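A look at the structure
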Amino acid sequence: MSFSARVKEELSHQVGSAMHCRIAEIGAIISGCGRIFQDEKGKVSIKIHTENIAVARKYFTLVKKTYNIDSVICIKSHIHAGRNRIYILEIQNDRDARKILQSVKFMNGSNEIVQDYALVHPLIFQKTCCKRAFLRGMFLCNGSISEPEKTYHFEIVCTTSERAQQLCDIMKTFNIDGKCITRKKYRVVYIKEASQIVDVLNVMEAHVSLMELENIRILKEMRNSVNRRVNCETANISKTVSAAVKQIEDITYIRDTVGFSELTEGLKEVAQLRLDYPEASLVELGKLLSSPVGKSGVNHRLRKLSILAEELRNSKGQKG
């Protein structure tokens, strides 16, 4: 089961104790994956289409607990066509359907179905707890989260710009900065920052999934920190080795051309020590000197030797 599916599974088992929160979540689900029908006789019915059994379970439970209404469940299987099962939940009774639609404000006082039920009436989520429930319902229908081991990405697909803006506005009340992009004919509200995804999981009350994401996030950060340190140390070692090889080449050139006899005692000693201890650091070389000096002192002497070697090479080249 994917991380996104695990989050939805967790959310599907949460049914709020307050009726106003359950109504907010029902409104989100009908808006997100529902259709409202009215036949020629004026009879109203509601259908929910979803490929996710967690969404079907949650909607059935919410409607039962809130209105004491049982939804008729139909399962269409498209396995042989390479598609998932489709769960269809239908409220067929006209009175029951109207009761639900009036409570979620998809039917006005004149018993007329609102034209655009992609947008949920603000009265449905006036309270903070109802906003949480609304986001939960919208994510269950049209949301997804990427595998946190790979990348951080949370999104909810919306059919209209107005619904996307409504979602962003609700997120802002929790200090979550949802961004919008167009993908084909849809508007997608998304979050990329790991900390903001943690916040939205907390808002939706997916606490188990939140802890799982946090654990993965900590491990990734530790792994990245170790990798950065190893890369830094490797680079430093490579730099030190390259410098030592160049120093030995210069000292060997001096020894094989003019010898060490013309060198000062300080330069002669550090030159011999570098040849004797090719892997030693500058600090270690400084401690091995008869009159110990620091890293900068050793580096200064080695630079002098390098300059001398370069002058000898140039001189030889001019004579040639």
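What this report covers is the structure whose coordinates are included nearby.

Calculation criteria
- Residues numbered from 1 in each chain as written.
- Predicted model: local features only at pLDDT ≥ 70, side-chain atom pairs only at ≥ 80, totals over all residues.
- Heavy atoms only, no water.
- Helix = DSSP H or I, 4+ residues; strand = E, 2+ residues; numbered from the N terminus.
- Buried < 20%, exposed > 50% of the residue type's maximum accessible area, 1.4 Å probe, protein only.
- Contact = heavy atoms within 4.5 Å.
- Areas by Shrake-Rupley, 256 points an atom, 1.4 Å probe, with all protein chains shown as cover.
- Polar contact = N/O pair within 3.5 Å; in protein donor to acceptor, adjacent residues only side chain to side chain.
- Core = buried A, V, L, I, M, F, W, Y, C linked by side-chain atoms within 4.5 Å.

Topic: the overall build of the chain
Looking only at helices and strands, the chain features 11 helices and eight strands. Seen along its three principal axes, the alpha-carbon backbone of the chain occupies a region of about 115 × 40 × 35 Å. The buried share among the 320 residues of the chain stands at 42%. Long-range pairs, those at least 24 residues apart, make up 62% of the contacts in the chain between residues at least 6 apart in sequence. Here the chain has roughly 17,700 Å² of accessible surface; of this, 52% comes from carbon and sulfur atoms.

Some words on the side chain of His-153
Turning to its location among the elements, His-153 is positioned in the loop between strand S5 (143-145) and strand S6 (154-158). Look at His-153 and you get buried, because its relative accessible area is 16%. A polar atom in the side chain of His-153 sits 3.0 Å from the side chain of Lys-192. Here His-153 is in contact with Ser-144, Ile-145, Ser-146, Tyr-190, Ile-191, Lys-192 and Ile-197, once residues within four sequence places are set aside.

Remarks on the nonpolar core
Ranked by internal contacts, the top residues of the largest apolar core, which has 66 residues, are Ile-26, Tyr-59, Ile-100, Phe-154 and Leu-201. Once residues within four sequence positions are removed from consideration, Leu-201 is found in contact with Phe-3, Val-7, Ile-145, Ala-206, Ser-209, Leu-210 and Leu-213. Counting residues in each nonpolar core, the second largest holds 18 residues, with Ile-251, Phe-260, Leu-273 and Ala-280 among its members.

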